[in-house]
Amino acid sequence: MRIPPFVLAAFALAAVLPTVAATPAQFLDAFAREARQADTAFAASAARGRAFFSASHGGEWSCASCHTEKPGTPGRHAATGKAISPLAPAANPDRFTSAGKVEKWFRRNCNDVAGRACTAGEKADVLAWLLAAK
Amino acid sequence: MNPLRNTLRLAAMYAIAAACLAHSFSAHADGGKRVPDHPAWKQECGSCHVAYPPRLLSADSWRAVMAGLDRHFGADASLEPAARDDILAFLERNAGRRDTSAGGRPLLRVTQTRWFVKEHRDEVPAEVLRRPDVKSFANCGACHSGADRGVYAERDIRIPGGRPR
């Protein structure tokens, strides 16, 4: 029997998808697991995540400058004024569902706010707090 | 009259009417000129501000903008090389033919081009730009209510705080 190429392609795509599309809880798990490689006692903390989010880290902006202190509400880009939909998954189900998007914005925004990449532990903490927010 | 001829004529009229309708839906963009569509551009270049219409800068200017995305007007807007090349090719294809350089160097800002300054200089009082909901001319959507759809036609302009004339 010959299988048409597009069927094969569909199967190949289905095999890749689970690693591309994901849920916020899966991202939290993955970040926490990565953090435990450096610190075996690591457990994600929403309180630490909140503090990290609101603090400035040497630059002009904090995460809250654009996403506000209440991530269940819409934010506003601090430089351009453009509206940003809420970061909390409870308020915006599109959040933390695409690995490419999550990776890209952590890279850019941590660089803008802290002048460096965020650690896996910081990402896990932030996500724990965002998941607790309404 | 020949009934077949009539049917054909009717069909032709419908086809023309449909084409006009389709045209009127797609052709408003950008003060009457159509903004071409490219989902990756719209998404990547429209997340921090409206996606500025490609025809408002020259290909040289777009190349300069796209060469410095990691330090883009105070923000990190870096892209994977493949996405960057794809978007740059789209911008080059649809760039304006006007020269948008100053002192021999390509301008990076639409808002500093001669065309933009001339079009806006006498139209907007300085105090409008100090309003927190306007902030800068780069915030096209503050006055052009259709900016997020690429529409800059005159009838869609609303200056916050009223339009002094």
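Cut-offs used in this document
Residues numbered from 1 in each chain as written. Chains lettered and ligands numbered in written order. Predicted model: local features only at pLDDT ≥ 70, side-chain atom pairs only at ≥ 80, totals over all residues. Heavy atoms only, no water. Disulfide = S-S within 2.5 Å. Contact = heavy atoms within 4.5 Å. Buried area = accessible area lost by both parts, 1.4 Å probe. Salt bridge = Lys/Arg side-chain N within 4 Å of Asp/Glu carboxyl O. Polar contact = N/O pair within 3.5 Å; in protein donor to acceptor, adjacent residues only side chain to side chain. Nonpolar A, V, L, I, M, F, W, Y, C, P; charged D, E, K, R; others polar. Helix = DSSP H or I, 4+ residues; strand = E, 2+ residues; numbered from the N terminus. Buried < 20%, exposed > 50% of the residue type's maximum accessible area, 1.4 Å probe, protein only.

A few words on the state of the cysteines. Going through the model one piece at a time under the given rule, you end up with 1 disulfide over all chains. A disulfide-free cysteine, Cys 48 of chain B has its sulfur positioned 8.0 Å from the sulfur of Cys 66 of chain A, the nearest such atom. Of the cysteine sulfurs around Cys 140 of chain B, a residue in no disulfide, the closest is that of Cys 143 of chain B, at 9.0 Å.

So, on to the interface of chain B and chain A. Accessible area lost upon the coming together of the parts serves often as the stated size of an interface. Contact residues are listed per partner, giving 15 residues for chain B and 12 residues for chain A. Regarding the contact of chain B and chain A, the summed buried area is about 1200 Å², with carbon and sulfur atoms giving 40% of it. Contact with chain A buries area across many residues of chain B, yet Cys 48, Asp 76 and Lys 135 of chain B alone supply 41% of it, more than any other trio. Taken together, the connections running from chain B to chain A amount to 3 salt bridges. The interface formed by chain B and chain A holds 9 residue pairs in polar contact (both at pLDDT 80 or more) in total. Here the side of chain B that touches chain A is built from residues that sort into 5 nonpolar, 6 polar and 4 charged.

Glancing now at the side chain of His 77 of chain A. The residue His 77 of chain A is located in the loop between strand S1 (75–76) and strand S2 (83–84) in this model. Look at His 77 of chain A and you get buried, because its relative accessible area is 11%. Among the polar contacts made by the side chain of His 77 of chain A, one reaches the main-chain amide nitrogen of Ala 79 of chain A at a distance of 3.0 Å. Not counting residues up to four positions away in its chain, the partners in contact with His 77 of chain A are Cys 66, Lys 82 and Ile 84 of chain A together with Cys 48 and Lys 135 of chain B.

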